[in-house]
Amino acid sequence: MNHTNNTQQSNDARHDDDAALTEFLSSLMDYTPTIPDELVEHYLAKSGFQCPDVRLIRLVAVATQKFVAEVAGDALLQCRARQSAVVKDKREKQQKDKRPILTMEDLSKALRDYGVNVKHQEYFADSPSTGMDPASRDE
């Protein structure tokens, strides 16, 4: 008898989960995600995934939007931690400019927490003429 009760409760819970999922997927039809459907479809197709169901496309868009928001939030935390570690004699300047300045290093650290390793090219600006056409340099 106890086994029958457990099975019945499990089936009821599964039915509730299925109903909630169905309701959520149908609500995606009325939702316009930040990331356009066409962009999601492009990258899904590029990875070899084809799906005509708009609800699934929007589900991927919502998941991507959540991921980007979490990474941006973590990068902001990294930025604040870095800026609060400024040497004491620079505190006066920091108080004047309270705006956070996100760097590639902040983003890389945040992404690393999610298992994404970012390698970016180092940029060097040793002189004002760096990046100019060699013919126009006055050296």
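The coordinates are above.
Keep in mind that this is a model prediction, so the values were computed, not measured. (Residues numbered from 1 in each chain as written. Predicted model: local features only at pLDDT ≥ 70, side-chain atom pairs only at ≥ 80, totals over all residues. Heavy atoms only, no water.)

A. Geometry of the overall build of the protein chain. Per the secondary structure count, the protein chain includes five helices and zero strands. Ordered by position from the N terminus, the helices and strands of the protein chain form the series α-α-α-α-α. Burial analysis of the protein chain (139 residues in total) assigns 14% to the buried set. For the protein chain, the proportion of contacts with a sequence separation of at least 24, taken over those separated by at least 6, is 57%. Just so you have it, the protein chain exposes about 11500 Å², and 55% of that area is on carbon and sulfur atoms. (Helix = DSSP H or I, 4+ residues; strand = E, 2+ residues; numbered from the N terminus. Buried < 20%, exposed > 50% of the residue type's maximum accessible area, 1.4 Å probe, protein only. Contact = heavy atoms within 4.5 Å. Areas by Shrake-Rupley, 256 points an atom, 1.4 Å probe, with all protein chains shown as cover.)

B. Region of the structure containing helix α5 (residues 104-112). Within α5, the full set of buried residues consists of D106, S108, A110 and L111. Among the structural elements, α3 (54-84) are those in contact with the buried residues of α5.

C. Looking closely at the packing of aromatic side chains. Under the defined criterion, the tally for this structure stands at one aromatic pair. Relative to Y114, the ring of F67 lies with its centre 5.5 Å away and its plane at 80°, an arrangement referred to as edge-to-face. With a gap of 47 residues between them, F67 in helix α3 and Y114 in the segment after α5 connect regions that are remote in the sequence. (Phe/Tyr/Trp six-rings, centres within 6.5 Å; stacked < 30°, edge-to-face > 60°.)

D. Broad picture of the environment of T64. Summarising the element assignment, T64 is placed in helix α3. For the pair T64 and I35, spaced 29 residues apart in sequence, the C-alpha to C-alpha distance is 8.1 Å.

E. Examining helix α2 (residues 37-46) more closely. Of all the positions in α2, only D37, V40 and L44 are classed as buried. Take α2 and look down its axis: the buried residues cluster within an arc of 65°, on one side only. Turned more than 90 degrees off the buried face of α2, the exposed positions are E38, Y43 and K46. Tucked inside the fold, the buried residues of α2 contact α3. Two residues or fewer past α2, G48 is found with a positive phi of approximately 95°. (Arc of directions from axis to C-beta.)

F. Looking closely at a nonpolar patch on the surface. On the surface, a cluster of nonpolar side chains totalling about 300 Å² of accessible area is made up of F67, V68, Y114 and V116. Residue F67 is classed as partly exposed on the basis of its relative accessible area of 33%. (Patch = residues over 30% accessible without salt bridge, like charges linked within 9 Å, V, L, I, M, F, W, Y side chains within 5 Å. Salt bridge = Lys/Arg side-chain N within 4 Å of Asp/Glu carboxyl O.)

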